[in-house]
Amino acid sequence: MKKILIIILLFLNFHNFSLAESRFGELTEMRDEKMRGKDGQWVRPHPGPFIWNHIESEKGNFFWVDADQYVIYAQEHNQTILATIWPHANWDQKSCKRKKAKSPFGKRFTKYLSKPCSMDDYKNFLTKLVDRYDGDGSNDMPGLTKPIKYWDVMNEPEFKMFFKGSKEDFIEIFNFSSKVIKEKQPDAVIVMAGAAGMFRENKKYWKSVLPEIKDHFDIANIHHISGPDGQCDKELWVDEFAELLKSVDVDKPIWLTEAMTCGPPVKAWVNAFLNGAEIIIDVGVNAPGAKMSKKSRKKLNEFIAEYDGFTLIKSLSKDQVEFSYSDGSKKTLNLN
């Protein structure tokens, strides 16, 4: 049953790894000036440049220009990147005659979405990717000052539009990727491939998969996209996702890395935080699908500017919450 407890304390206990100060971020797209994210916040390039096929379009030939552009921009604007890894390359998938798949990202994306034919070739790409942006001083991108530490391995695998493979294929790729990343970058933070909501089919998929991958990720990850009928979940699925995690004995921080709402966004964001979300990444102003009104967008931006950086959120009543900060100060927000 959904409910908001009268008092919920949300501490930043990130299992001994550091967190950027901001609690907010946006999906980003470098080609769109309005989709490049805000200074000092999280950014999740989507689909982003960390696509095997884009970086290594021919075996052994690596193209880093686009990925470097995102990293350089993030450095210049004090953004923290959550990088989504896509383990697909056309040349690799052709080598074992995989079937083509339709991508929601069109021609700019790979034509195949199956498990790699050669996990060794995939490992070579993944190792070079992490090596370029890990900031260890060896083989780094020229001018790297803010390494990538947060890696989001794949995206909504329960949907065939993003991954054309079995549960077993996903589990193998995910666990394999996590091990490779951690071997190359021991302080890396692995983010679970985002669950595409908490509909019945999502719950069934993840209830089966989570026990098999839970030792290979640090952050649990949920998405909330408004459906074709325009309906939203008032806690942006965070409460039901938390329940699912508990049911399979997974105790991990929760991030909401795609947040779209069709209702008042500030109330939805607060509800998500109260129910356990520690980071919320908005889909952005020009993302496909339902658009937030200009008035709602203005209110959300004002909320973020005023209350970001909190270390604790507490519900005082049905319509009032309190935010606490590391310097001991507190701020109250009325939700009416």
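Each value, and the rule that gives it
Along each chain, the written sequence defines residue order, and numbers are assigned to residues from 1. Local features in this predicted model are restricted to residues whose pLDDT is 70 or higher, and side-chain atom pairs enter the listing and the counts only when it is 80 or higher, whereas totals over whole chains, interfaces and linings include all residues. Hydrogens and waters are ignored; side-chain quantities use all the structure's heavy atoms. In this scheme, strands are said to pair when DSSP sees at least two bridges between them. Only runs of H or I of at least four residues qualify as helices and only runs of E of at least two qualify as strands under DSSP, and these elements are numbered from the N terminus. Every angle, taken between N-to-C directions, lies between 0 and 180 degrees, and every axis is a line fitted to C-alpha atoms, over only the stretch in contact when it is a helix. Cavities and pockets were defined on a 1 Å grid built from protein atoms only: a cavity is a group of points that admits a 1.4 Å probe but offers it no way out, a pocket is an open group of points flanked by protein on both sides within 12 Å along at least five of seven lines, and a lining residue is one with an atom within 4 Å of any such point. Grid points are joined across faces, edges and corners, and a volume is the space filled by probe spheres set on the points. Ten residue types, Ala, Val, Leu, Ile, Met, Phe, Trp, Tyr, Cys and Pro, are classed as nonpolar, four, Asp, Glu, Lys and Arg, as charged, and the remainder, Gly among them, as polar. Disulfides are defined in this document as cysteine sulfur pairs within 2.5 Å. Exposure categories follow from relative accessible area, calculated using a 1.4 Å probe and restricted to protein chains: below 20% of the type maximum is buried, above 50% is exposed, and the middle band is partly exposed. Here, a salt bridge means any side-chain nitrogen of Lys or Arg that lies within 4 Å of a carboxyl oxygen of Asp or Glu. When the near helix sits turned anticlockwise from the far one by under a right angle, the crossing is termed left-handed; a clockwise turn instead gives a right-handed crossing. Whether two residues are in contact is decided by their heavy atoms, any of which lying within 4.5 Å being enough.

A. Layout of the sheet that holds strand β5 (residues 189-191). Taken together, 8 strands build an open sheet; the order of strands is β5-β4-β3-β2-β1-β8-β7-β6 and the sheet is parallel. At either margin of the open sheet sits one strand with a lone partner, and together these are β5 and β6 (220-224). In this sheet, adjacent strand axes meet at a mean angle of 25° when their direction is disregarded. As defined by bridge partners, β6 adjoins strand β7 (residues 254-259) across 5 bridges and the pair is classed as parallel.

B. Expanded view of the layout of surface pockets. By volume, the largest pocket amounts to about 1100 Å³. In terms of lining residues, the largest pocket is bounded by 41 residues, among which His46, Pro47, Phe105, Phe162 and Pro288 are the most central. Put simply, the parts of the chain that give the lining of the largest pocket at least two residues each are β1 (24-28) and α2 (65-76). Looking at the lining of the largest pocket element by element, the count peaks at 3 residues for α2. Its residues assigned to classes, the lining of the largest pocket shows 23 nonpolar, 11 polar and 7 charged.

C. Layout of the state of the cysteines. Counted under the stated rule, the structure contains 1 disulfide. The side chain of Cys96 participates in a disulfide bridge whose partner is Cys117; the two sulfur atoms lie 1.8 Å from each other. Linking Cys96 and Cys117, the disulfide has an S-S dihedral of approximately -70° and is accordingly described as left-handed. Placement of Cys96 in the loop between α3 (90-94) and α4 (119-133) and of Cys117 in the loop between α3 and α4 is noted, with a sequence separation of 21 residues between them.

D. Expanded view of the pairing of β6. The buried fraction of β6 is high, at 5 of 5 residues. Because side chains alternate across β6, one face comprises the buried residues Ala220, Ile222 and His224, and the other comprises Asn221 and His223, equally buried.

E. Summary view of empty space enclosed by the protein. Going through the model one piece at a time under the given rule, you end up with 3 cavities of 30 Å³ or more. In this structure, the largest cavity spans a volume of roughly 70 Å³. In terms of lining residues, the largest cavity is bounded by Ala259, Met260, Thr261, Asp282, Val283, Gly284, Ala287, Ala290, Lys291, Met292 and Arg297. Residues belonging to the lining of the largest cavity are distributed by class as follows: 6 nonpolar, 2 polar and 3 charged.

F. Representation of the pattern of salt bridges within the structure. Enumeration according to the criterion identifies 15 salt bridges in this entry. Among the ionic pairs, Glu172 bridges to Lys115, the shortest N-O distance being 2.7 Å. Taken together, the residues Glu172 in helix α5 (residues 167-184) and Lys115 in the loop between α3 and α4 connect sequence positions 57 residues apart. Among the residues examined, Glu172 registers a relative accessible area of 36% and is labelled partly exposed. Given the relative accessible area of 18%, Lys115 is considered buried. For Lys184, the salt bridge is made with Asp131, and the minimal N-O distance between the two is 3.1 Å. Taken together, the residues span a long stretch of sequence, with Lys184 in helix α5 and Asp131 in helix α4 at a distance of 53 residues. The class of Lys184 is partly exposed, set by a relative accessible area of 26%. A relative accessible area of 12% means that Asp131 is categorised as buried.

G. Local environment of the packing of α5 against helix α6 (residues 200-213). The N-to-C vectors of α5 and α6 enclose an angle of 35°; their axes lie 10 Å apart at closest approach. As α5 runs across α6, the sense of the crossing is right-handed. Across from Lys167, Phe170, Ile171, Phe174 and Asn175 in α5, the residues of α6 making contact are Lys204, Tyr205, Trp206, Ser208, Val209, Glu212 and Ile213. When the residues that make up the contact of α5 with α6 are grouped by side-chain class, the tally is 7 nonpolar, 2 polar and 3 charged.

H. Molecular detail of the sheet that holds strand β10 (residues 320-324). Here we have 3 strands laid out as an open sheet, ordered β9-β10-β11, and antiparallel in their pairing. In this open sheet, the two strands that pair with only one neighbour each are β9 (312-317) and β11 (330-334). Strand-to-strand twist in this sheet, taken as the mean axis angle between neighbours without regard to direction, amounts to 25°. Across 5 bridges, β10 lies against β11 in antiparallel orientation. Within β11, the position partnered with Val321 by the bridge is Leu333. Its contacts with the sheet place helix α8 (residues 265-274) against β9, β10 and β11, and it is angled at close to 110° to β9.

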